[in-house]
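The lines below spell out each chain.
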Amino acid sequence: MEAILRLIWEGLSAEDSLLGICRGHLRELVKRGKLTELDVEGVLSAIESDLAQRREMLRNGFKREVQRLLSLLPVATIDDIKMLERRLDALEEGIKRASSMSL
């Protein structure tokens, strides 16, 4: 699982590299007079927005897929464990009450 997460994060960090590459090429166009600084900021802002949406889509998709895969395995979820802890707490409280009544 850790290897999968590492690959995903490496893929997401590639977005930062892509943004840096775009920034370099766009700055070159500004130097040549083909674009203005305002144009560059607009393009970079649009790219950053698209990348953020893509990143969120990937995170949500990965989370859904992991949850789906885990639901197929015979393992307890965090919710299952919390439910068992609540039941144990209730049983322990009941035992304490019962033992204090019998004294």
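Q: Honestly, the overall build of the protein chain in this entry has me stumped. Any pointers?
A: Tallying secondary structure elements over the protein chain gives three helices and zero strands in all. In the protein chain, the succession of helices and strands from N to C terminus is α-α-α. Here the C-alpha atoms of the protein chain give a radius of gyration of 27 Å, more than 25% beyond the 13 Å that 2.2 N^0.38 yields for 103 residues. Relative to its full complement of 103 residues, the protein chain shows a buried share of 10%. Accessible surface, the protein chain: about 8600 Å² in total, of which carbon and sulfur atoms supply 61%. Charged side chains in the protein chain number 17 positive and 18 negative. The centres of these two groups are separated by 1 Å.

Q: Honestly, the pattern of salt bridges in this entry has me stumped. Any pointers?
A: Tallied over the full model, the rule gives seven salt bridges. As a salt-bridge pair, R27 and E37 come within 2.9 Å of each other at their nearest N and O atoms. Highlighted residues: R27 in helix α1 (residues 2-31) and E37 in helix α2 (residues 37-72), separated in sequence by 10 residues. One connected set of salt bridges, linked through shared partners, spans R27, E37 and E41.

Q: Looking at this structure, how should I read the nonpolar core?
A: Soluble, globular proteins show a tendency: their nonpolar side chains are buried together. Counting residues in hydrophobic clusters, the biggest one holds six residues: L19, C22, L26, V30, V40 and L44. The set of elements that each furnish at least two residues to this core consists of α1 and α2. A per-element tally of this core places α1 first, with four residues. If we skip the residues at most four places from it in the chain, L26 touches L35, V40, V43 and L44.

The rules behind the values
- Residues numbered from 1 in each chain as written.
- Predicted model: local features only at pLDDT ≥ 70, side-chain atom pairs only at ≥ 80, totals over all residues.
- Heavy atoms only, no water.
- Helix = DSSP H or I, 4+ residues; strand = E, 2+ residues; numbered from the N terminus.
- Rg over C-alpha atoms; globule rule 2.2 N^0.38 Å.
- Buried < 20%, exposed > 50% of the residue type's maximum accessible area, 1.4 Å probe, protein only.
- Areas by Shrake-Rupley, 256 points an atom, 1.4 Å probe, with all protein chains shown as cover.
- Lys, Arg positive; Asp, Glu negative; His and termini not counted.
- Charge placed at Lys NZ, Arg CZ, Asp CG, Glu CD.
- Salt bridge = Lys/Arg side-chain N within 4 Å of Asp/Glu carboxyl O.
- Core = buried A, V, L, I, M, F, W, Y, C linked by side-chain atoms within 4.5 Å.
- Contact = heavy atoms within 4.5 Å.

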